[in-house]
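The residues making up each chain are set out below.
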Amino acid sequence: LFLFSGIIYSQSVQPISLEEARTRAVQNNLNVKIAEQDYQLAKAQLKQSNAVFLPSLQLKNTSTSTNNPLHAFGYKLLQESVTTADFDPNRLNDPGQQQNFNTRVELFQPIFQLDGWKGRKAAELNTRAADLQKERSKEYLELEIDKTYMELQLAYKQVEVVEKALQTAAENKKIAGNNFELGLIQNADLINVDVRYNEVKNDLQYAKSNLSNVSEYLSFLIGEKNNVLFVPTEKLSMAEIHAYEETELNLERKDIKAVSYGSEAQTELLKSSKYQFIPRAGAFANYEWNDDDFMGFEASNYLVGLELSWNLFDGGRTLGKIHQEKAQLEKANLYQEQYLAQSKIELNKAKRQLADAHESVKNSKLATEQSEESLRITRNRYEQGLERTSDLLYAETQLQQNELAYAQSLFNYNYATAYLKFLTK
């Protein structure tokens, strides 16, 4: 913490473990919250489909005023206020203004709606798909957290390597100054050493900026609002080796299963469109009050019945919808086939990347060890005036590059392992 607390003075330094980062991300990440709302939308659509078996109940109040002879006499009948005088032809033909206040309770109970049931089945499948996509988004977030945490480890390692290189460059600069005073090297060699020292200082500045960038992105992923510079509690090291060569694509993987549910849902929607040509059945009932005064309940009556409806032709709208759903189903099936093919390619590619990364770790580690020994020998000979300044600078540069390459290879291997684990869940 002491070493890196001066990187950004306005930031507070905070240690963080990988597990803590994962937990905070799942709780606060915006993408996870968006996926949760997608799931809630699917659940809401499923609730709307309950209308295929649940009754509907309405309460209405209608106020009307008319001098229409037919309606006026009908209102009197509904209000149970017809008298002998109302049958006078003059009154029948010219009843004057008649008011009616109607309060009605209406109930409709679906009995048979096959198209609605298929639509509900599609909504159920879409809800399952949204749930799986929500869980998969959490898994992807964990992978992104793992990657960013590894990048943070790598960034600190890069700063450490460049700090070490800067210290080495400073020591070499001191040695070069002594050799120049002794007349063992030329002024051009001394200048080259100074140039190398300044280059490493610039590298350190870039490394520190990169560290701040990675820490800021980690803050975004876990929902951290304060200006914090995170420090990983675990250092960069090689992840545990697993044998993934024989691993096959898991067809029960959440995203693959979600795509499958989407295709099944589209099949049900096509059936729903076709079943709109099948008759529907339902029961209805209403109870009403009629009065010539507002909110009056003087006269009441009821009506019950069964309804059978059959959509024989609606101008081709249903036929057009069937063609639309067929195209959507074909599109969904093609997308599922494409998704599976791409997933298999991605899995095979990840296996090869892991093998390559493993080999790179071994080679870069060996190269780093050889560079350390080469720099040690070259420096000893340089102090004795037996090596050129350019040889020392080359050996120093090679060590820094190989150390950075080794750290990068560790990151590549760790991420390849995490990514392959993500693909095989």
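In what follows, the structure referred to is the one given above.
Keep in mind that this is a model prediction, so the values were computed, not measured.

**Describing the overall build of the chain**
Working step 1: Along the chain, the regular secondary structure elements total 9 helices and 6 strands.
Working step 2: For 425 residues, the compact-globule formula gives about 22 Å, and the C-alpha radius of gyration of the chain, at 39 Å, lies well above that figure.
Working step 3: When its C-alpha atoms are laid out on the principal axes, the chain stretches across 140 × 50 × 35 Å.
Working step 4: By residue count, 36% of the 425 residues in the chain fall in the buried class.
Working step 5: A total accessible area of about 24,800 Å² is found for the chain, and carbon and sulfur atoms account for 53% of it.

**Let's talk about the packing of helix H7 (residues 254-274) against helix H8 (residues 317-383)**
Working step 1: Viewed as axis vectors pointing N to C, H7 and H8 meet at an angle of 165°, and their least axial separation amounts to 9 Å. Put simply, H7 runs roughly antiparallel to H8. For the element pair H7 and H8, the recorded crossing hand is left-handed.
Working step 2: Grouping the amino acids of the contact of H7 with H8 by side-chain chemistry returns 10 nonpolar, 10 polar and 5 charged.

**Structural notes on unusual backbone geometry**
Working step 1: The phi torsion at glutamate 80 lies on the positive side, around 55°, for a residue other than glycine.
Working step 2: Along the polypeptide, glutamate 80 turns up in the loop between helix H3 (69-78) and helix H4 (89-93).
Working step 3: For glutamate 80, a relative accessible area of 58% gives the class exposed.

**Observations regarding the layout of surface pockets**
Working step 1: By volume, the largest pocket amounts to about 530 Å³.
Working step 2: In terms of lining, the largest pocket is formed by 23 residues, of which the most central are Leu18, Arg22, Asp146, Met150 and Ala418.
Working step 3: Elements with a minimum of two residues in the lining of the largest pocket: helix H1 (18-28), helix H5 (114-181) and helix H9 (389-423).
Working step 4: Examining the composition of the lining of the largest pocket, we find that 7 residues originate from one element, H5, more than from any other.
Working step 5: Here the residues of the lining of the largest pocket sort into 9 nonpolar, 5 polar and 9 charged.

**Focus on the packing of helix H2 (residues 30-48) against H5**
Working step 1: Across the interface, H2 lies against H5 with an axial gap of 8 Å and an inter-helix angle of 170°. Between H2 and H5, the interaxial angle falls into the category roughly antiparallel. Contacts from Val32, Ala35, Glu36, Asp38, Tyr39, Ala42, Lys43, Gln45 and Leu46 in H2 reach Arg120, Ala123, Glu124, Asn126, Thr127, Ala130, Asp131, Lys134, Ser137, Lys138 and Leu141 in H5.
Working step 2: Looking at the contact of H2 with H5 residue by residue, the class counts come to 8 nonpolar, 4 polar and 8 charged.

**A short note on H3**
Working step 1: Measuring from the backbone nitrogen of leucine 70 back to the side-chain oxygen at the start of H3 gives 3.0 Å, which picks out asparagine 68 as the cap.
Working step 2: Once H3 ends, the next one or two residues include glutamate 80, with phi positive near 55°.

**Considerations on the sheet that holds strand E2 (residues 56-66)**
Working step 1: Spatially, 4 strands are ordered E2-E3-E5-E6 in an open sheet, and the strand pairing comes out antiparallel. One side of each edge strand has no neighbouring strand; the edge strands of this open sheet are E2 and strand E6 (299-309). When the angles between neighbouring strand axes are averaged without regard to direction, this sheet yields 20°.
Working step 2: Sheet analysis places strand E5 (residues 280-291) next to E6, joined by 11 bridges and oriented antiparallel. Among the inter-strand pairings, alanine 283 is bridged to a residue of E6, identified as leucine 306.

**Some thoughts on the pattern of salt bridges**
Working step 1: Tallying each qualifying case throughout the model produces 33 salt bridges.
Working step 2: In this structure, glutamate 135 engages lysine 138 in a salt bridge whose closest nitrogen and oxygen atoms are separated by 3.8 Å. Placement of both glutamate 135 and lysine 138 in helix H5 is noted, with a separation of 3 residues, approximately one turn of the helix.
Working step 3: With a relative accessible area of 24%, lysine 138 lands in the partly exposed category.
Working step 4: Linking lysine 164 and glutamate 403 is a salt bridge whose minimum nitrogen-to-oxygen distance equals 2.9 Å.

What counts as what
- Residues numbered from 1 in each chain as written.
- Predicted model: local features only at pLDDT ≥ 70, side-chain atom pairs only at ≥ 80, totals over all residues.
- Heavy atoms only, no water.
- Helix = DSSP H or I, 4+ residues; strand = E, 2+ residues; numbered from the N terminus.
- Rg over C-alpha atoms; globule rule 2.2 N^0.38 Å.
- Buried < 20%, exposed > 50% of the residue type's maximum accessible area, 1.4 Å probe, protein only.
- Areas by Shrake-Rupley, 256 points an atom, 1.4 Å probe, with all protein chains shown as cover.
- Axes fitted to C-alpha atoms, helices over the stretch in contact; angles between N-to-C directions.
- Parallel < 35°, antiparallel > 145°, perpendicular 65-115°, else oblique.
- Left-handed = near helix turned anticlockwise from the far one by under 90°.
- Nonpolar A, V, L, I, M, F, W, Y, C, P; charged D, E, K, R; others polar.
- 1 Å grid on protein atoms, 1.4 Å probe; cavity = no way out; pocket = protein on both sides within 12 Å on 5 of 7 lines; lining within 4 Å.
- Points joined across faces, edges and corners; volume = space filled by probe spheres on them.
- Contact = heavy atoms within 4.5 Å.
- Polar contact = N/O pair within 3.5 Å; in protein donor to acceptor, adjacent residues only side chain to side chain.
- Pairing = 2+ DSSP bridges.
- Salt bridge = Lys/Arg side-chain N within 4 Å of Asp/Glu carboxyl O.

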